[in-house]
Amino acid sequence: MIHDFKEAMGSYPTGVTVVTTKTEEGNPVGMTVNSFTSVSIEPLLVSWSIDKRSGSLEFFMDANRFAVNILAADQADICWTFASRDETDRFGKTEWTDTEYDLPVIDGAFAQFECRKVQQIEAGDHYILIGEVQKITKKDKEPLLYYKREIGPIEDIAKKLKDS
């Protein structure tokens, strides 16, 4: 059943995000996430999930704020940098900026949601983090998508799958 679950979820197209925050010492941390979704319009809430085994878990659990960076179609390298098990110097390999909320955001992203964490819920082997959106920045770009273990603009993914 787990194989079928992974196969079905991998065949469900999603956007690709990098969720970021800072440690208590002020160091930026981030990870690639595709579980990002809207929760509510009134108030404006979003959520994402983090694995209990994640090396970044304690930082996100302790943080009062986080940013969701929806990656642009040309940011596949950033997706892989923040998805790597090697969490060393991820931000040294990426252009980023500190915001007025003291959150690290990825430069050139399709959109950024700066959030105040309002709830965290234990759910199986993950925690669901819910944030109230405080600021949104959106660029006129195409988003990066994940579908059938491929990432890129939808046209590129469709072509790769058709040609394989």
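The structure under discussion appears in the preceding block.
Summarised in this report is the structure supplied together with it. (Residues numbered from 1 in each chain as written. Predicted model: local features only at pLDDT ≥ 70, side-chain atom pairs only at ≥ 80, totals over all residues. Heavy atoms only, no water.)

### Observations regarding the nonpolar core
Then step 1. One finds Val-19, Trp-48, Ile-50, Phe-60, Phe-66, Phe-113 and Leu-129 to be the most contacted residues of the largest nonpolar core, which totals 21 residues.
Then step 2. Those elements that provide at least two residues to this core are strand S3 (28-33), strand S5 (45-51), helix H2 (57-62), strand S6 (65-70), strand S9 (111-123) and strand S10 (126-138).
Then step 3. Non-local contacts of Phe-60, meaning those with residues more than four positions away in its chain, are made with Val-19, Thr-20, Thr-21, Val-29, Gly-30, Met-31, Trp-48, Ile-50, Phe-66, Lys-117, Gln-120 and Leu-129.
Then step 4. Val-18, Leu-71, Phe-91 and Ile-151 belong to the second largest nonpolar core, which has 10 residues in total. (Core = buried A, V, L, I, M, F, W, Y, C linked by side-chain atoms within 4.5 Å. Buried < 20%, exposed > 50% of the residue type's maximum accessible area, 1.4 Å probe, protein only. Helix = DSSP H or I, 4+ residues; strand = E, 2+ residues; numbered from the N terminus. Contact = heavy atoms within 4.5 Å.)

### So, the side chain of Thr-17
Then step 1. Relative to the helices and strands, Thr-17 is located in strand S2 (residues 17-22).
Then step 2. Residue classification places Thr-17 among the buried residues on the basis of a relative accessible area of 2%.

### Quick word on the pairing of S5
Then step 1. With 6 of 7 residues buried, S5 lies mostly within the body of the structure.
Then step 2. In the sheet, strand S4 (residues 37-40) pairs with S5 via 3 bridges, with the strands oriented antiparallel. Its bridge partner being in S5, Ser-38 is matched across the sheet by Val-46.
Then step 3. In this structure, the hairpin formed by S4 and S5 is closed by a connection of 4 residues.
Then step 4. Bridge count for S5 against S10 is 7 bridges, and the pairing is antiparallel. Considered in S10, the bridge of Asp-51 is made with His-126. (Pairing = 2+ DSSP bridges.)

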